[in-house]
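Spelled out from the first residue to the last, the chains are:
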Amino acid sequence: MNEKERKYDLLLRQVQSLAEGETDAIALMANMAAVIHETFHFWWTGFYRVVGDELVLGPFQGPLACTRIARGRGVCGTVWQEARTIVVPDVHQFKGHIACSSASQSEIVIPVFKEKEVVAVLDIDSEYLHTFDETDRIWLEKIVSFLILDID
Ligand code: SME
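**Student:** Describe the overall build of the protein chain, listing the residues and the values that go with them.
**Tutor:** Assigned secondary structure in the protein chain consists of four helices and six strands. Start at the N end of the protein chain and walk to the C end: the helices and strands fall as α-α-β-β-β-α-β-β-β-α. A compact globule built from 152 residues should have a C-alpha radius of gyration of about 15 Å, and the protein chain, at 14 Å, falls within 12% of that. Overall, the protein chain is about 40 × 40 × 25 Å in size when its C-alpha atoms are taken along their principal axes. Counting every position in the protein chain, which comprises 152 residues, the buried fraction comes to 46%.

**Student:** Account for unusual backbone geometry, with residues named and values stated.
**Tutor:** With phi around 55 degrees, H41 is a residue other than glycine that occupies positive phi space. In this fold, H41 is placed in the loop between α2 (25-40) and β1 (44-51).

**Student:** How would you sum up the packing of aromatic side chains? Please name residues and give values.
**Tutor:** Geometry of an aromatic ring pair is reported as the spacing of the ring centres plus the angle between the planes. Counted by the stated rule, this structure contains six aromatic pairs. Between the aromatic rings of F42 and F132, the centroid separation amounts to 5.3 Å while the plane-to-plane angle is 50 degrees, which identifies the pairing as tilted. Of the two residues, F42 is situated in the loop between α2 and β1 and F132 in the loop between β6 (117-126) and α4 (134-144); the sequence distance between them amounts to 90 residues. Here the two residues F42 and F132 agree in accessibility, since each one is buried.

**Student:** Go over the site of the ligand, please, and point to the residues and values.
**Tutor:** Around the ligand there are 13 residues in total, and V75, C76, I98, C100 and D125 lie nearest to it. Between an oxygen atom of the ligand and a main-chain N or O atom of V75, the distance comes to 2.9 Å. Bound to the protein, the ligand loses 99% of the 310 Å² it would expose on its own. Breaking the shell around the ligand down by element, the ones donating at least two residues are β1, α3 (74-82) and β6. Take the shell around the ligand: its biggest share by element is three residues, from α3.

**Student:** Any details on helix α1 (residues 3-21)? Residues and values, ideally.
**Tutor:** Between its terminal C-alpha atoms α1 stretches 28 Å, which fits the 27 Å expected from 19 residues at 1.5 Å a residue. Listed as buried for α1 are Y8, L11, L12, V15 and A19. With its buried residues spanning 110 degrees around the axis, α1 presents them on a single face. Turned more than 90 degrees from where α1 packs its buried face, L10, E20 and G21 sit exposed.

About the cut-offs
Residues numbered from 1 in each chain as written. Predicted model: local features only at pLDDT ≥ 70, side-chain atom pairs only at ≥ 80, totals over all residues. Heavy atoms only, no water. Helix = DSSP H or I, 4+ residues; strand = E, 2+ residues; numbered from the N terminus. Rg over C-alpha atoms; globule rule 2.2 N^0.38 Å. Buried < 20%, exposed > 50% of the residue type's maximum accessible area, 1.4 Å probe, protein only. Phe/Tyr/Trp six-rings, centres within 6.5 Å; stacked < 30°, edge-to-face > 60°. Near = heavy atom within 4 Å. Polar contact = N/O pair within 3.5 Å; in protein donor to acceptor, adjacent residues only side chain to side chain. Areas by Shrake-Rupley, 256 points an atom, 1.4 Å probe, with all protein chains shown as cover. Expected span 1.5 Å × (residues − 1). Arc of directions from axis to C-beta.

Shown next as structure tokens:
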């Protein structure tokens, strides 16, 4: 394991124990955003929940962000529509990227599933280019799988 994988391994265990002790989805998302953000010192780490026909801002760490994103819009709305993780090495190259902050340079968005439906997304932004790769995708998908959401 390299340094990044070691951090993810520890993070996964922290999230596992957080999920064992808490069933409230918002509380769990809040602590998950906090531990991920603190481990890697990303620019912005947070959740958007599917509410009706929009994504609505959920628990996050970092500067203020857009509150609502339509399905198919930006990276988050595309992840919701396509139900798959998207890694964006350079946000300026992603057509339709929504710039909540001009500091954000690269991004990864992971769908959160409940019974095969996307019910939320985890969005992580970095102020550096090319921050995220396959290692991040694999570990973050494992991490969000502990989020058993009671979202209607
Ligand atoms: N960049 C995202 C919007 C959310 S903010 O980055 C927190 C997007 O294109 O969907």
